[in-house]
Number of protein chains: 2
Amino acid sequence: MNNWTLLYEDFKPSMESLREALCTLGNGYFATRGTSPESEADEIHYPGTYLAGGYNRLKTDIAGRVVENEDLVNMPNWLLTKFRPEGGDWFNLMTVDILSYRQELNMKEGILSRTVRFRDRQNRETTLIQRRFVHMANMHLAALEITIIPENWSGRIQILSAMDGTIINAGVERYKQLNSKHLAPVKSGKADNDIIYLLVETNQSHIRVAEAARTRVYIEGEQIEVERKPVEEPGYIAQEFFIEAVNNTPVTIEKIVSFYASKDFAISEPAQDAVEALRHTGNFKELFERHAMEWNHLWYKCDIQIADNDRTQMILRLHIFHMLQTVSRNSIDLDIGVPARGWHGEAYRGHIFWDELFIFPYLNLRIPVLTRALLLYRYRRLNRSRIAAQEAGFRGALYPWQSGSDGREETQQLHLNPKSGRWLPDNTHLQRHVNAAIAYNVWQYFETTEDLEFMATYGTEMILEIARFLSSLTSYNREIDRYEILGVMGPDEYHDKYPDAEKPGLNNNAYTNVMTVWVLRTAIKALNKLNPKRRYDLLEIIGLEKTEIGQWQDIIHKMKVVFHDDGIISQFEGYNELAEFDWDGYIKKYGDIQRLDRILEAEGDTTNRYKASKQADVLMLFYLFSAEELHELFKEMGYDFDPQIIPKNIEYYLKRCSNGSTLSNIVLSWVLARSDRTGSWNIFNKALESDISDIQGGTTHEGIHLGAMAGTVDILQQCYTGIAFCDEMLHLNPKIPEGLQRLMLKIKYRGNWFDINITPDALAITSSKERDIITKICFREKIYEIKPGDTLNFDIKV
Amino acid sequence: MNNWTLLYEDFKPSMESLREALCTLGNGYFATRGTSPESEADEIHYPGTYLAGGYNRLKTDIAGRVVENEDLVNMPNWLLTKFRPEGGDWFNLMTVDILSYRQELNMKEGILSRTVRFRDRQNRETTLIQRRFVHMANMHLAALEITIIPENWSGRIQILSAMDGTIINAGVERYKQLNSKHLAPVKSGKADNDIIYLLVETNQSHIRVAEAARTRVYIEGEQIEVERKPVEEPGYIAQEFFIEAVNNTPVTIEKIVSFYASKDFAISEPAQDAVEALRHTGNFKELFERHAMEWNHLWYKCDIQIADNDRTQMILRLHIFHMLQTVSRNSIDLDIGVPARGWHGEAYRGHIFWDELFIFPYLNLRIPVLTRALLLYRYRRLNRSRIAAQEAGFRGALYPWQSGSDGREETQQLHLNPKSGRWLPDNTHLQRHVNAAIAYNVWQYFETTEDLEFMATYGTEMILEIARFLSSLTSYNREIDRYEILGVMGPDEYHDKYPDAEKPGLNNNAYTNVMTVWVLRTAIKALNKLNPKRRYDLLEIIGLEKTEIGQWQDIIHKMKVVFHDDGIISQFEGYNELAEFDWDGYIKKYGDIQRLDRILEAEGDTTNRYKASKQADVLMLFYLFSAEELHELFKEMGYDFDPQIIPKNIEYYLKRCSNGSTLSNIVLSWVLARSDRTGSWNIFNKALESDISDIQGGTTHEGIHLGAMAGTVDILQQCYTGIAFCDEMLHLNPKIPEGLQRLMLKIKYRGNWFDINITPDALAITSSKERDIITKICFREKIYEIKPGDTLNFDIKV
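Residues numbered from 1 in each chain as written. Chains lettered and ligands numbered in written order. Predicted model: local features only at pLDDT ≥ 70, side-chain atom pairs only at ≥ 80, totals over all residues. Heavy atoms only, no water.

Identification of chain A as Similar to trehalose-6-phosphate phosphorylase from Kuenenia stuttgartiensis is taken from an unreviewed UniProt entry. Per UniProt, the comment on chain A under Sequence similarities (unreviewed entry) is "Belongs to the glycosyl hydrolase 65 family." (UniProt positions renumbered as here; feature names shortened; annotations may be inferred.)

Engineer: Talk me through the sheet that holds strand β29 (residues 752-758) of chain A; I want residue IDs and the actual numbers.
Structural biologist: All names here are of chain A. Spatial strand order, β19-β28-β29-β30-β33: 5 strands in an open sheet with antiparallel pairing. Either end of the sheet is taken by a strand with one partner, and the two such strands are β19 (304-306) and β33 (791-795). On average, each strand axis in the sheet is tilted by 15 degrees relative to the strand beside it, whichever way the strands run. One ladder, built from 5 bridges, connects strand β30 (residues 762-767) with β33; its direction is antiparallel. Note that in β33 the partner of A764 across the bridge is N793. (Pairing = 2+ DSSP bridges. Helix = DSSP H or I, 4+ residues; strand = E, 2+ residues; numbered from the N terminus. Axes fitted to C-alpha atoms, helices over the stretch in contact; angles between N-to-C directions.)

Engineer: Hey, could you go over the interface of chain B and chain A for me, with residue numbers and the actual values?
Structural biologist: Across the boundary between the two partners, chain B contributes 55 residues, which contact 55 residues of chain A. Buried surface at the junction of chain B and chain A, both sides included, amounts to about 5100 Å², of which 48% is carbon and sulfur. Three residues stand out in chain B for area buried against chain A, namely B:K263, B:F265 and B:R329, and they jointly supply 12% of the buried area on that side. In this assembly, chain B and chain A are joined by 4 salt bridges. Note that A:K748 and B:E453 form a salt bridge whose closest N and O atoms lie 3.2 Å from each other. Summed over the shared surface of chain B and chain A, the result is 26 residue pairs in polar contact (both at pLDDT 80 or more). Listing elements by their share of the side of chain B that touches chain A, those giving two or more residues are α2 (270-279), α3 (284-302), α6 (368-379), α7 (382-391), α9 (452-473) and α11 (532-542) of chain B. For the side of chain B that touches chain A, the residue count by class is 16 nonpolar, 13 polar and 26 charged. (Contact = heavy atoms within 4.5 Å. Buried area = accessible area lost by both parts, 1.4 Å probe. Salt bridge = Lys/Arg side-chain N within 4 Å of Asp/Glu carboxyl O. Polar contact = N/O pair within 3.5 Å; in protein donor to acceptor, adjacent residues only side chain to side chain. Nonpolar A, V, L, I, M, F, W, Y, C, P; charged D, E, K, R; others polar.)

Engineer: Give a description of the pattern of salt bridges that names residues and reports values.
Structural biologist: All names here are of chain A. This structure, assessed with the given rule, holds 110 salt bridges over all chains. Among the ionic pairs, R656 bridges to E580, the shortest N-O distance being 2.9 Å. Here R656, found in the loop between α17 (645-654) and α18 (662-672), pairs with E580, found in the loop between β25 (568-569) and α13 (583-590); they are 76 residues apart in sequence, far enough to count as distant. Judged by its relative accessible area of 12%, R656 is buried. Connected via shared salt-bridge partners are R386, R395, E461, E465, R468 and E548. (Buried < 20%, exposed > 50% of the residue type's maximum accessible area, 1.4 Å probe, protein only.)

Engineer: Provide a residue-level description of empty space enclosed by the protein, including the pertinent values.
Structural biologist: One pass over the full model with this rule turns up 15 cavities of 30 Å³ or more. For the largest cavity, the calculated volume is near 760 Å³. For the lining of the largest cavity, the secondary structure elements donating two or more residues are α6 (368-379), α8 (434-449) and α9 (452-473) of chain A together with α6, α8 (434-449), α9 and β28 (743-749) of chain B. Approximately 220 Å³ is the volume found for the second largest cavity. Looking at the second largest cavity, it is lined by 17 residues, and the ones nearest its centre are A:D333, A:R372, A:L376, B:R372 and B:L376. Among the secondary structure elements, those contributing two or more residues to the lining of the second largest cavity are α6 of chain A together with α6 of chain B. Partitioned by chemical class, the residues of the lining of the second largest cavity number 11 nonpolar, no polar and 6 charged. (1 Å grid on protein atoms, 1.4 Å probe; cavity = no way out; pocket = protein on both sides within 12 Å on 5 of 7 lines; lining within 4 Å. Points joined across faces, edges and corners; volume = space filled by probe spheres on them.)

Right, dumping it as structure tokens:
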């Protein structure tokens, strides 16, 4: 098995939509989906959203019906290229006899290709070879090449090379009631003999989206002229032409496409720029060379290598590949965060949640200039979040659970349970912990880059305003002399209120409370990093008084965390009073119970009644913090924290979790890494299968799960290596499972690159010479220094 | 005299357009001009361009007529607020008796105010107080407050609060033949009772521009309700209402305006966002407090203080004020460079030239995160510049002389001589030296910030591609075994070809040739700063071979520079053969001969025939480089360079320069600083007057000269202090003129702030503690080290 290639050697119509999601191509600006470019646009959709989601807003009227669903920025389907022997049927994989089939996603060079031999109803045998890529080095370009080889016939072939802006979003079954048509035609036309263009506009935001296509024909490598007939309808344009095909002589159709949007920088007008770009663009081969070179450079720093396990290696690369396709250098000038389902998945409509918490650790250590840009997505919405806090009666900045174009809360107010057909109130906006995730991301970026300029200009202000919001979320309980956080949701979406309660929200969610303490402490640290003048100015700007910081100290020392059963951290106050769930009974009855919430609701019951979690909640604490860090946090809060309770808590919650979120396995694998290496490795391998095997049975075709993909990579990167950043040191403490015989990776830390090589016995780390500074390395509580160019070796068996 | 205030205590209609330019308000995103908000829009124009220029393209057909002039992004005039006593005339400064008048631009707090007492034709006496600002801390907001105090009457006052998108660009007389109307109406309406909005779109680029205005009325500080009548025309919207005014009782109209464009980040749709912003915005006083705070913080780091000279201090601050209004933190997310005339001046249509060379040194040392963003304007146009190089037959990247939205060459092909009425070919696009300026700016940014991440990601690639272009611009002359650059223009625009030559361009312009050598050497230096892998990748990406770098070395050693008259660097080859110009005769005949080119052309002659320069050309070398640096450069080229020739060259060219460019005095003052301190100080003071006294007699009202403004500031900052950056050291060598008794400034160098205090006797420098690094300081060739928190003192008398 080639560990660089996702390969399918058969054609399975039932698997097409899953493969489509897995074989998506993109470059951080422009993504395209679809394994069947020859199909009609209305058979398989190619939504290819390209910009920050959330041009999408679901509103409900009083009766709870969906009344509005605004723009998700789409692009016209540029893949649509049909052919047929004159007088025959348009080629369609579903209606021909397939003699052989091979589809491969070559991740090393970022190219998708497919070779099909087929026989049509007239007994014509033909080989069809398709290749396509979305250019990694020039974000505005993509290319498709179709080669047709008649094997037992000659004759005229009719070709239609189109761009279709009449496409709709129909990839998610349960969104059917929402508006699916987001583009309105503006204009289209022929620019040159071989160049056509299409300009459309989004309905609500009026973003203009332009595509241009240059179609050329080659016979045996020689370009030939063809007579092109224009085909134009509102929002649709094509060129149609005939080619004289000769038996056994390959005919190649080359379609180079450019894509510009009105928000782009360095353009005059998108349609004009799209056409101009094609006038200065080479052929498929020339474009591909530069594209493959870019991937080659990317892989050098982004690959994570393991030994002796081709399938694991291949899936890891698939996950890295999807990350780099979703965000890359090309994303830097866009105003985007990282969407939960990539850009091409329609699920969650491109919204930004807290998944960045799982994604940024990988990017921070390789392309920090990218994370910096992605964090600015949040900074630009700081003002909007201040307004949200104010409107909700809090101080500081309240970032939304689901974030879109303008930073307001985009969470749906109702959601559909497909099992019961009922629209239910959605309280997930109460997941205030997204704010802690943002502060955490800012601080991790700083720890790994030492970018003081960023912190002084943007980062510290965000952390302070989040700290302020979280502190105003607490209330002081005089009776117990402790601070509490009432009426919120933790990450676990099975619990949004107390059983039988009217009001949504839970009290003292342990994850939220501990993260609040972490944020408050970090805010004070961040403030002290600033020079005194900037510190003074920033405090004046946001009107933060010393007394407020004094109150933070008080909250740090008196935050409430609830325990039960001798050392179990209660997921929230009252968790222990909930009923135990009949796991065995339900698994027997339903088989897959990942979406237990939907099952119970359809039965007239609710997950709120049970000790049953959709995903890790308390366990997130062990995911984000080491035992030492937790010990310190709990000590600050005035609680004893015996590291021995960690495995006890893991065991407790592991038994009570349905893993209804793909992020769950990541957390479980991670938290088991120290205590149960085999268990960790097994869950890691399960997490690896999340998308490639669509283990949720149908969610992957709605879009890959980027947080889970990044999470698996990060288990290798940070968990098994024990890499962590605090106190201005790089911490290392590998503990690798038996299944892993070697782990090799590169990370960029504070300006220098480090090569890290781990075997079951040894750890070696080598520093590059980029920045002339000494790096402090902490290995198992001892501090070492590494100079540029040096290598340190550690024995890790002991 | 208050050295923070530009004050006018009289009303001079003839000076209005000049004052309008000088009193422009802006915040780096949104600029507004106009001292007379009460006037009709068609009397005085308020163009207020807000985005990177160059949405503007002058094309000529074969007959040389102007056929197209594309968009200059304008904003609707939001200042338009008229009033009149019921039945009377709309208030107009030109038609009332002015009893007293006071207009002041308070630069400390960024507010413009005016108090007028006047008597109308009905003998009503009234005091009018206006205040306005463009918000520095919230780039989308501006505010206008008008207080009317009837002094001998009571009665109804009619108010009209409008936004006018039908404005035209008519500020530059000689552009009259160009299209002046750039905005098309889209929609307008009332959002809330007191909020109206206007949405317009640019003609060619289809950028949408939205403004919303919230108008409120206060009597003696109490908000009152008024009945508003809508007034709507295409591209124009207003609210009209009446107020009952009582003698001696102030009536205040508060107009808060928001401005959004479709290219903005973090918005949904500009009109919607403009309205939303106003719903969450406080009153004039609240907005102003935060605005003044921002200016206060800015001034702390941006002020340059001198002793005992209030007028000089005030003008210096005016220059700093205009820089910070043109580019600021608010500009970072925009895709802009720094335009030659600010955003509000219509001259040069917002295009970006080489003036950044004079502007960035100030920004680098205070807001490096801003310079970084401004350099990205160039990086984003690197690809377009590669195409330009290719199309012109060169390698690498050829940046345009005038740059706009999409980075193509925007230089007009013809220009008008208003003196002769003739349209003449414009060859200024041959000023290839703009490329050297860009490379210089990138390198200076790196020297002052040590931002390796920027260099690895963007900077080095730009420098290399420019080096490559400049090297391909050279041709090897076998006869003399030297490289030459033929057919270009230097900075001096009086010479664009040899007299009687058909083809434009000159050979071996000294400035261009020496800068080419500097760029090639810097490219090699920059390459060596990268880590080996990135270096390898970058060379592969741009296809730069070792042999090409080898050829650079050859060019460095064999570049030709022409000398004449024993040590005079010839401005270009053949300069010495030109006729001497009759300066006295022409001064006697014409008085002002700054635009000698126009005078001679109108006489049927040409400046190409004479040893006469519009501006410094050879002298630029002494401006950019120290004697030591020049010595090294010339040595590399195989020329002896005796530092004694510097004053000789200065004297020679000083005599042959008409100073037709405002940048000229900057260079002259700078190059004289070491040899003729009094002369330097006198020219510096002349340069200071460029705009405030409109010394070119009419060009300032077309827009301030930002390069010249920045240049004067930089003379204090870098020239009189002797601050320079090379070999990773901060060089200091003050030489201050007698007119200057004290000079105090702050600079940010490689992450730490330094306080610098210079008197005629002593230099003191103190380091902040932001970054824990030791800085090397070179004072008069000796190297010192300064630790965070330390102060070094030097005796500079000796």
